[in-house]
Amino acid sequence: MLFTAGYEGRTMQQFLADLHGAKVRMLGDVREAPVSRKPGFSKNALAQTLCDAGIGYRHIHALGCPKHIRDQHKLDGDWSAYTRQFMDHLEQQQPALEELRAVAVTQRTAVLCYEADFNFCHRTYVARAVAQRAGLRIWHITPDGLVEDLAVRAA
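Position labels on residues start from 1 in each chain and follow its written sequence. Local features in this predicted model are restricted to residues of pLDDT 70 or higher, and side-chain atom pairs are both shown and tallied only at a pLDDT of 80 or more, whereas totals for entire chains, interfaces and linings draw on every residue. With hydrogens and water set aside, each side-chain value is computed from the structure's full complement of heavy atoms.

Caption draft 1: Looking closely at helix H1 (residues 12-21). Listed in full, the buried residues belonging to H1 are Met-12, Phe-15, Leu-16, Asp-18 and Leu-19. Each buried residue of H1 sits inside an arc of 155 degrees when the element is viewed along its axis, so together they form one side. Along H1, exposed side chains directed more than 90 degrees from the buried face belong to Gln-13 and Gly-21. Those residues of H1 that are buried are in contact with strand E1 (2-6), strand E2 (26-29), helix H2 (43-52), strand E4 (109-113) and strand E5 (138-142). The buried label goes to any residue with under 20% of its type's maximum accessible area, the exposed label to any with over 50%, and the partly exposed label to all in between, with areas taken from a 1.4 Å probe on protein chains only. Put simply, DSSP H or I for four residues or longer makes a helix, DSSP E for two residues or longer makes a strand, and each gets a number counted from the N terminus. Taking the helix axis as origin, the arc is that swept by the directions to the C-beta atoms. Two residues form a contact once any of their heavy atoms are found within 4.5 Å.

Caption draft 2: Structural detail: the state of the cysteines. Note on terminology: pairs of cysteine sulfur atoms within 2.5 Å are recorded as disulfides. In this structure the tally under the stated criterion is zero disulfides. With no disulfide of its own, Cys-113 lies closest to Cys-121 among cysteine sulfurs, the gap being 3.8 Å. The exposure class assigned to Cys-113 is buried, which follows from its relative accessible area of 10%.

Caption draft 3: Spotlight on the packing of H1 against H2. Only the stretch in contact is used when fitting a helix axis, every axis being a line fitted to C-alpha atoms; angles between N-to-C directions are given from 0 to 180 degrees. As a packed pair, H1 and H2 sit with axes 12 Å apart at the nearest point and diverge in direction by 50 degrees. Viewed along their axes, H1 and H2 adopt a mutual orientation that is oblique. Here the hand of the crossing between H1 and H2 comes out right-handed. Across the interface between the two elements, Met-12, Leu-16 and Leu-19 of H1 pack against Leu-46, Thr-49 and Leu-50 of H2. The classification used treats Ala, Val, Leu, Ile, Met, Phe, Trp, Tyr, Cys and Pro as nonpolar, Asp, Glu, Lys and Arg as charged, and all other residues, Gly among them, as polar. Residue composition of the contact of H1 with H2, grouped by class: five nonpolar, one polar and no charged. To sort the angles, those under 35 degrees are grouped as roughly parallel, those over 145 as roughly antiparallel, those from 65 to 115 as roughly perpendicular, and the leftovers as oblique. Left-handed describes a crossing in which the near helix is turned anticlockwise from the far one by less than a right angle; the clockwise case is right-handed.

Caption draft 4: Highlighting the pattern of salt bridges. A pairing counts as a salt bridge when a side-chain nitrogen of Lys or Arg comes within 4 Å of a carboxyl oxygen of Asp or Glu. Considering all chains together, one arrives at eight salt bridges under this definition. Note that Arg-70 is salt-bridged to Glu-32, the shortest N-O span being 3.0 Å. Taken together, the residues Arg-70 in helix H3 (residues 67-76) and Glu-32 in the loop between E2 and H2 connect sequence positions 38 residues apart. Classification of Arg-70 as partly exposed rests on a relative accessible area of 29%.

Shape is all these values report; function is a separate question.
In structure tokens:
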């Protein structure tokens, strides 16, 4: 199993409870720039908090969405264009996808980004690429519980 998680609207305590509830042992941070205005969610603080909670942390910069793609989406709001551009970028990130796959097949791993709605976050595309390579099912961790990614299961 591979999980995804967004921390938008979550406190650190809620976020950790979500991860523990899914028995996540490793968090793959796929933010291009792992900084946050939300206390505790920037790279170093998050890594330490996760370590203290018994969860590993790995930042995989290459799987983040490049700034020019994010900026364009902010301007035009075109999710289809964002998706095409990010998928083109992702296609060029084979070593990073392999790095995440290697971790995900050995530990219960969650792919992290900020966005609460997994339907509109690049982490879902990253998770799908990894899951297809590894034969894993994806579950999205949401405030309402786990949601299976049926796009991968049907593939």
